[in-house]
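Reading the structure
The lines below spell out each chain.
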Amino acid sequence: MEIKRLDKMIQSQFFSMVLQRNFQWKNQNGEEWIPRLENQERLIAMTTHSDLCIQFPPSNLYQKRFLKAVMQKCADDGVDVCEEIFEKYAELINSDKEDKKCYKTYFLPNGEVVSVEEALQLISQGTTGLHSWPASLYLATWAIANKHVFCNKRILELGSGCGMLGLSIYKTCQVKNIILSDFHSDVLKSLVDNVKINTRTQSVNVSAPCTQSILPHYSTATDTMVKPSNHCNISTTTDTRVTPSNHSHNSTTT
């Protein structure tokens, strides 16, 4: 059982692309992942060789660094590296694929997952909204631990970016409805795509605040910058009473 928990801990870090310098191979109880052959085979089946990795892959560069870290642990312990790891590493090394985007996948406590496509660069297309940020993960963790706060409530997220926070709240907190918002056109396109990925719907309502607004019970925002000139627009949008949409998910510009 402890081995399975360690595997899941490593799997979660792999798919959310935790930096190798922050990667944890030990759990809070001090139990450490041991690179025995059977453990290696089970781990790569859950990470680089999994269906999830095929559908929503972390960047090639990240996968190479992860496998290199596994091989280094094998070398440190004097253990042979399994053949599948060598083969996958060679495949990634020889690939001419140039990563511009990748997927990060987050495993939620209720068994749901949130997968979001994002840019590799912190600033892309002149915006920071195409990259997920730690603050969203921290607030999502708090929201999941306090989901009663959001249960059956109307939620408006300002500056949703890739949508990680809003989608996590949607999948875990049983909200009445939720509107995800952003301003940048490329961010909105990415946000719509990520909503489709995570809600299994091809119909996403995208509208401007003048045609659809919401009086939310709560608004959320992380790492959001607002121009002083836009402050009144946001106030008007969030203070206008309208009939909530019948859609459980909407994207709207603010």
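Here, every reference points to the structure presented above.
This report concerns the structure included in the present document.

**Examining a negative patch on the surface**
A grouping of E41, E83, E84 and E87 is seen on the molecular surface, where their side chains present a negatively charged patch. Looking at the negative patch element by element, the count peaks at 3 residues for helix α5 (residues 83-94). By the element assignment, E84 lies in helix α5. For E84, a relative accessible area of 33% puts it in the partly exposed group.

**Here we look at the environment of V70**
Following the sequence through the fold, V70 ends up in helix α4 (residues 60-77). It is 9.7 Å that separates the C-alpha atoms of V70 and L43, two residues lying 27 residues apart in sequence.

**Notes on the pairing of strand β3 (residues 154-157)**
Burial of β3 is two-sided: the residues R154 and L156 facing one way and the residues I155 and E157 facing the other way are all buried. Bridge analysis of β3 against strand β4 (residues 177-182) gives 4 bridges, and the strand direction is parallel. Along β4, the bridge assignment pairs R154 with N177. Note on the crossover from β3 through helix α7 (residues 164-172) to β4: the handedness is right-handed. Bridging between β3 and strand β6 (residues 218-220) involves 3 bridges; their strand directions are parallel. The residue of β6 that forms the bridge with L156 is S219.

**Digging into the layout of surface pockets**
By volume, the largest pocket amounts to about 1100 Å³. Taken together, 42 residues make up the lining of the largest pocket; nearest its centre are S16, M17, V18, L19 and K104. Mapped by element, the contributors of at least two residues to the lining of the largest pocket are α1 (2-15), α4, β1 (101-107), β2 (113-119) and α6 (134-145). With 7 residues, α6 is the single largest residue contributor to the lining of the largest pocket. When grouped by side-chain class, the residues that make up the lining of the largest pocket number 23 nonpolar, 12 polar and 7 charged.

**Some points on the packing of α6 against α7**
The contact between α6 and α7 brings their axes to 9 Å, and the two run at 15 degrees. The angle between α6 and α7 places the two elements in the roughly parallel class. In terms of crossing hand, the pair formed by α6 and α7 is right-handed. Together, S136, L137, L139, A140, A143 and I144 of α6 and M164, L165, S168, I169 and T172 of α7 make up the contact between the two elements. Looking at the contact of α6 with α7 residue by residue, the class counts come to 8 nonpolar, 3 polar and no charged.

**Some thoughts on the pattern of salt bridges**
One pass over the full model with this rule turns up 7 salt bridges. With its nearest N and O atoms 3.4 Å apart, the salt bridge here joins E91 to K88. Taken together, the residues E91 and K88, both in helix α5 and 3 residues apart, mark about one turn of the helix. Relative accessible area serves as the criterion here: at 14%, K88 is assigned to the buried category. The partner of K171 in a salt bridge is E112, and the shortest N-O contact between them spans 3.9 Å. Taken together, the residues span a long stretch of sequence, with K171 in helix α7 and E112 in the loop between β1 and β2 at a distance of 59 residues.

What counts as what
Residues numbered from 1 in each chain as written. Predicted model: local features only at pLDDT ≥ 70, side-chain atom pairs only at ≥ 80, totals over all residues. Heavy atoms only, no water. Patch = residues over 30% accessible without salt bridge, like charges linked within 9 Å, V, L, I, M, F, W, Y side chains within 5 Å. Areas by Shrake-Rupley, 256 points an atom, 1.4 Å probe, with all protein chains shown as cover. Salt bridge = Lys/Arg side-chain N within 4 Å of Asp/Glu carboxyl O. Lys, Arg positive; Asp, Glu negative; His and termini not counted. Charge placed at Lys NZ, Arg CZ, Asp CG, Glu CD. Helix = DSSP H or I, 4+ residues; strand = E, 2+ residues; numbered from the N terminus. Buried < 20%, exposed > 50% of the residue type's maximum accessible area, 1.4 Å probe, protein only. Pairing = 2+ DSSP bridges. Right-handed = clockwise from strand over helix to strand, strands pointing away. 1 Å grid on protein atoms, 1.4 Å probe; cavity = no way out; pocket = protein on both sides within 12 Å on 5 of 7 lines; lining within 4 Å. Points joined across faces, edges and corners; volume = space filled by probe spheres on them. Nonpolar A, V, L, I, M, F, W, Y, C, P; charged D, E, K, R; others polar. Axes fitted to C-alpha atoms, helices over the stretch in contact; angles between N-to-C directions. Parallel < 35°, antiparallel > 145°, perpendicular 65-115°, else oblique. Left-handed = near helix turned anticlockwise from the far one by under 90°. Contact = heavy atoms within 4.5 Å.

None of the figures reported here should be taken as evidence of function without further support.
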